[in-house]
Amino acid sequence: MNSHIEEESTDGYAENGYDRPSKSQVKRDMHALLDLGKQLIELSPERLKQLPLAERLYEAIREAQRTTSREGRRRQTHFVGKLMRDAPADEIRAQLDVWENGSREETAAMHRLETLRDRLLDDDDALTKLLNDNPQADVQQLRAVIRAARKEKAANAVLLQGQEPQKKHYRALFQALKTLTH
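Quick caveat: nothing in here was measured; it's all calculated off a predicted structure. (Residues numbered from 1 in each chain as written. Predicted model: local features only at pLDDT ≥ 70, side-chain atom pairs only at ≥ 80, totals over all residues. Heavy atoms only, no water.)

So, on to the pattern of salt bridges. A side chain with one charge may pair with a side chain of the opposite charge, provided their charged atoms come close. For the coordinates displayed, the defined rule picks out nine salt bridges. When the shortest N-O distance is used, the salt bridge between R74 and E71 registers 2.8 Å. Here R74 pairs with E71, and both are found in helix 5 (residues 70–83), just three residues apart, close to one helical turn. Judged by relative accessible area, which is 42%, R74 ranks as partly exposed. The partly exposed category is assigned to E71, whose relative accessible area is 40%. Here D133 and K129 are joined by a salt bridge, their closest N and O atoms 2.9 Å apart. Here K129 and D133 lie together in helix 8 (residues 124–133), a separation of four residues that amounts to about one turn. For K129, a relative accessible area of 51% corresponds to the exposed category. (Salt bridge = Lys/Arg side-chain N within 4 Å of Asp/Glu carboxyl O. Helix = DSSP H or I, 4+ residues; strand = E, 2+ residues; numbered from the N terminus. Buried < 20%, exposed > 50% of the residue type's maximum accessible area, 1.4 Å probe, protein only.)

This is how it looks when you write it as structure tokens:
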């Protein structure tokens, strides 16, 4: 009798005896694809071109973007959802996530550069360490940018309320660090 149970579980049937997802699961999956299709309809044509979309799906999305009537757009959106069944949804979701949140690595790198910039503005030892780590750096250019950013920071510290702080050199220092570390 035990061998009979093993046969059932290894022949492609789920434990409930069915060989396919439940109707509810299929419905949830279809709604998820429809929602993904709606997100794609909101994207710019430039972004759409960067995604792995079949030509037919791309054209359906562009048609939905051009459709102005409410009912026509609803129907076109559902058509896009139907075409999404054959699309690589996981790849598309991953790319949308990167566009929406930026990659975590990029964000972490930006935070490291911002921290380094702040240390350089406050501490000369930070520049010595930076130059030791990056011997190819243009010392004079870095010193000039840091000096200008420090002057700018001091001027911003004494601004009256309502006056706009300057950040030109602060940003230039960040760009210099970004160029240096890449």
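What characterises a pair of aromatic rings is the spacing of the ring centres plus the angle enclosed by the ring planes. Taken as a whole and assessed by the stated rule, the structure comprises zero aromatic pairs. Here R117 stacks its cationic end above the ring of Y170, 3.7 Å away from the centre of that ring. (Phe/Tyr/Trp six-rings, centres within 6.5 Å; stacked < 30°, edge-to-face > 60°. Lys NZ or Arg CZ within 6 Å of the ring centre and 35° of its normal.)

These figures come from the coordinates and say nothing about function on their own.
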